[in-house]
Structure formats: structure tokens, C-alpha cells
Amino acid sequence: MPDKKTDLTVAIATMGAGLAGISLPEPAARLVYLIVVQAAEAPSLPKHLRQRGDLHVLHLEGHGLSRSRNAALDHVATDLMVFADDDMALRSDGLLTLADHLISRPDLSFVAGWREGRLPRHGRRAGPHALGLSNSGRICAPELIVRRNRVLGCGVRFDETFGKGARHGLGEDYVFVADMLRAGMRGEALPIITGAHHGPSTGDLWDSPAIFDARLAVQRRVFGRLASLVHPLYAIRHARRFGRIGLVARFALGRRIGGDAERTP
């Protein structure tokens, strides 16, 4: 288990065979790993991981990325933690630099970096900036370090209706950040690279009806009744990505491809 000098746990979610493909950086002081494996018949830990003394494995029944992340919240032994995917190429230096910033700022409950290739070159987001509902939508969990004790103390968890394997196949990270902000926690983004994501990203899908509907559901979950004002702004901003004017108009009106617009409670 982590000793007193350990600051950060990286919680990696994987499914069955994905365990064999996990690649970790060289061991680093102050950094440990928890691999959460979901699968009824998961393979044994591959040799290159069995030789590591800085990781633990948790086998979890059921499926769903948010379910895996909630299990990690319950089981890690450090206060600071970050969530990662099994196809991430992690950078220990970036993760620990973010952790140091969070340790030095007791007023902050979470801090976000960037994945390789995502950091803006210009503008306000290219430098340090406070996080709020309007500028946290791009955050993915592998870039996000949280103070676990504050998160659990405020009753915040990942909403298991969002994320891969759930009813809505994306948006769990944004919903999680929004819930932290609404609970009174403060966060900041820094121009620090935490790693590279080499696999396909669900957020880059724009031709999937299910993902179209999930984007609407995320905005309703985050903004409630104000989502009807957010939908058209988002549709205009991403009009080229939607590709067809009909889809832009449909999103602006909050109408799912799978049916009429859902009622906002």
C-alpha cells in the first residue's frame, strides 16, 4: 500500500483483455497505480505488470466506465487521485507537477491539465485559468486530479448513467466536474501535459445518433432548464462538425435523433 510519501494514485479502468495492453511509465516516487478490471473472466496480470511493486488490481463486477471510477474513489488509499484509460500513455512528470500545484493550493479541490495535442496555442485557455461550467466541457478524467476526501465529503460521485457502457455514452467527466463546482469546490486548469490518448475518443464522434442524443442529455444534466439556451449556442459553435444543417437545427432545438426532445425536470 502507499506510504506516507505517496501523493497520487492513478486509477486505470479496463475491461478484460484490455489489461494486457496497459503500458505504464517507469516507477516514480510518490506515484502508485490502481487498475480496476471489469469482466467476468479477466485474464491474469501480464508479466510486465506483475513485476511492478507500485500497483494494485481491483476486480469489479458489472460494466460501465463511471461504475469503475466510482469503485476507484472508494478504494484508493491516497487523497489525491487521477482517473486514466487503459490506452493512455501517461507522463509522470506532468501528473506530479499537477499534484504539486494542488498540494500548494488548499483552496482548490481539483486541477486539470491537458492531453498531448489538445493544449490551445493562444487565448485564455492556453494559460492557467479558473474552471467553471462554461469552460470545463473539454476536460477528460485522465487530465483531472481531485482531492478524493473532499469529493466524497461533498457526496459527489460519477453519474453512472453517463460514460462508456452506460445509457449515455459520453459526458461523465463534464457532469462530474459540474457536480463538484455546484458542491462549492474550486478548480483550476494549467498548461501541463499529462499524457497522450492514442485510442479513439468518443468525444470525436459526430456522426453517431446515440452520441448526438448523449450530448443533449449531458447539457440537460449540467444546465437543467437553462439547457434550452445552451443547445443553440453549442450547435452554432460546432456546426461544421455536425456536418448537416438539419442536424445543427435539430440540436439547437434540443430534439433527439431517437425521438422528440426530452422534458427537462
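Above this note sits the structure.
These numbers come from a predicted model, not from an experiment.

Undergrad: If you had to explain the overall build of the protein to someone new, which residues and values would you point to?
TA: The number of helices and strands found in the protein is nine helices and nine strands. For 265 residues, the compact-globule estimate of 2.2 N^0.38 gives 18 Å, and the C-alpha radius of gyration of the protein, at 19 Å, lies within 12% of that figure. Dimensions of the protein, computed from the C-alpha atoms along their principal axes, are close to 55 × 45 × 35 Å. Here the protein holds 265 residues, and 50% of them are scored as buried. Sequence separation of at least 24 residues holds for 71% of the intrachain contacts in the protein that already meet a minimum separation of 6. Counting every atom, the protein has about 13,100 Å² of accessible surface; 53% of that belongs to carbon and sulfur. Distance from the positive charge centre (36 side chains) to the negative charge centre (27 side chains) of the protein: 6 Å.

Undergrad: Describe in detail the nonpolar core, supporting the description with residues and values.
TA: Leu8, Val10, Ile12, Tyr33, Ile35, Leu49 and Ile145 are the most contacted members of the largest nonpolar core, which totals 28 residues. Looking at this core, the elements that each hand over two or more residues are β1 (8-15), β2 (31-38), β4 (80-85), β5 (88-90), α3 (92-104) and β9 (187-197). Counting residues per element, this core draws most heavily on α3, at five residues. In this structure, Ile12 is in contact with Ile22, Leu24, Tyr33, Leu34, Ile35, Val36, Ala84, Asp85 and Asp86, ignoring residues within four places of it in sequence. In terms of nonpolar packing, the next biggest core, distinct from the first, is built from 27 residues, Phe83, Leu144, Val156 and Ala189 among them.

Undergrad: Before we move on, can you summarise the pattern of salt bridges with the specific residues and values?
TA: Tallying each qualifying case throughout the model produces 15 salt bridges. Between Asp107 and Arg105 there is a salt bridge, with its nearest N and O atoms 2.8 Å apart. What makes Arg105 partly exposed here is its relative accessible area of 23%. We note a salt bridge from Arg186 to Asp107, for which the minimum N-O separation is 3.2 Å. In this pair, Arg186 sits in the loop between α5 (172-182) and β9 while Asp107 sits in the loop between α3 and β6 (110-115), placing the two residues 79 residues apart along the sequence. Judged by its relative accessible area of 30%, Asp107 falls in the partly exposed class. Counted as one network, the salt bridges with shared partners bring together Arg69, Asp85, Glu172 and Asp173.

Undergrad: Give a description of the packing of helix α6 (residues 209-223) against helix α9 (residues 245-252) that names residues and reports values.
TA: Following both chains from N to C, one finds α6 and α9 inclined at 25°, their axes separated by 11 Å at the closest point. Judged by the inter-axis angle, α6 sits roughly parallel to α9. As for the relative orientation of α6 and α9, their crossing is right-handed in sense. In this structure, α6 uses Phe212, Arg215, Leu216 and Gln219 to contact α9, whose residues at the interface are Leu247, Arg250 and Phe251. Of the residues contributing to the contact of α6 with α9, the split by class is four nonpolar, one polar and two charged.

Undergrad: Report on the pairing of β1, specifying residues and quantitative values.
TA: Among the eight residues in β1, seven count as buried, and that is most of the element. Where β1 meets β4, six bridges bridge the pair, whose relative direction is parallel. Paired with Ala13 across the bridge in β4 is Asp85.

Undergrad: Before we move on, could you go through the environment of Ile139 and cite the residues and values that matter?
TA: Looking at the secondary structure, you find Ile139 in the loop between β7 (129-130) and β8 (144-147). Residues in contact with Ile139, not counting those within four places in the same chain, are Ala112, Leu131, Leu144, Asp173 and Val177.

Undergrad: Could you give an account of helix α7 (residues 227-237), naming the residues involved and the relevant values?
TA: Of the positions making up α7, those classed as buried are Ala227, His231 and Ala235. Projected down its long axis, α7 carries its buried residues within an arc of 75°, all on one side. In α7, the exposed positions that point more than 90 degrees away from the buried face belong to Leu229, Leu233, Ile236 and Arg237. On the buried face of α7, the contacting elements are α6, α8 (239-242) and α9.

Analysis parameters
- Residues numbered from 1 in each chain as written.
- Predicted model: local features only at pLDDT ≥ 70, side-chain atom pairs only at ≥ 80, totals over all residues.
- Heavy atoms only, no water.
- Helix = DSSP H or I, 4+ residues; strand = E, 2+ residues; numbered from the N terminus.
- Rg over C-alpha atoms; globule rule 2.2 N^0.38 Å.
- Buried < 20%, exposed > 50% of the residue type's maximum accessible area, 1.4 Å probe, protein only.
- Contact = heavy atoms within 4.5 Å.
- Areas by Shrake-Rupley, 256 points an atom, 1.4 Å probe, with all protein chains shown as cover.
- Lys, Arg positive; Asp, Glu negative; His and termini not counted.
- Charge placed at Lys NZ, Arg CZ, Asp CG, Glu CD.
- Core = buried A, V, L, I, M, F, W, Y, C linked by side-chain atoms within 4.5 Å.
- Salt bridge = Lys/Arg side-chain N within 4 Å of Asp/Glu carboxyl O.
- Axes fitted to C-alpha atoms, helices over the stretch in contact; angles between N-to-C directions.
- Parallel < 35°, antiparallel > 145°, perpendicular 65-115°, else oblique.
- Left-handed = near helix turned anticlockwise from the far one by under 90°.
- Nonpolar A, V, L, I, M, F, W, Y, C, P; charged D, E, K, R; others polar.
- Pairing = 2+ DSSP bridges.
- Arc of directions from axis to C-beta.

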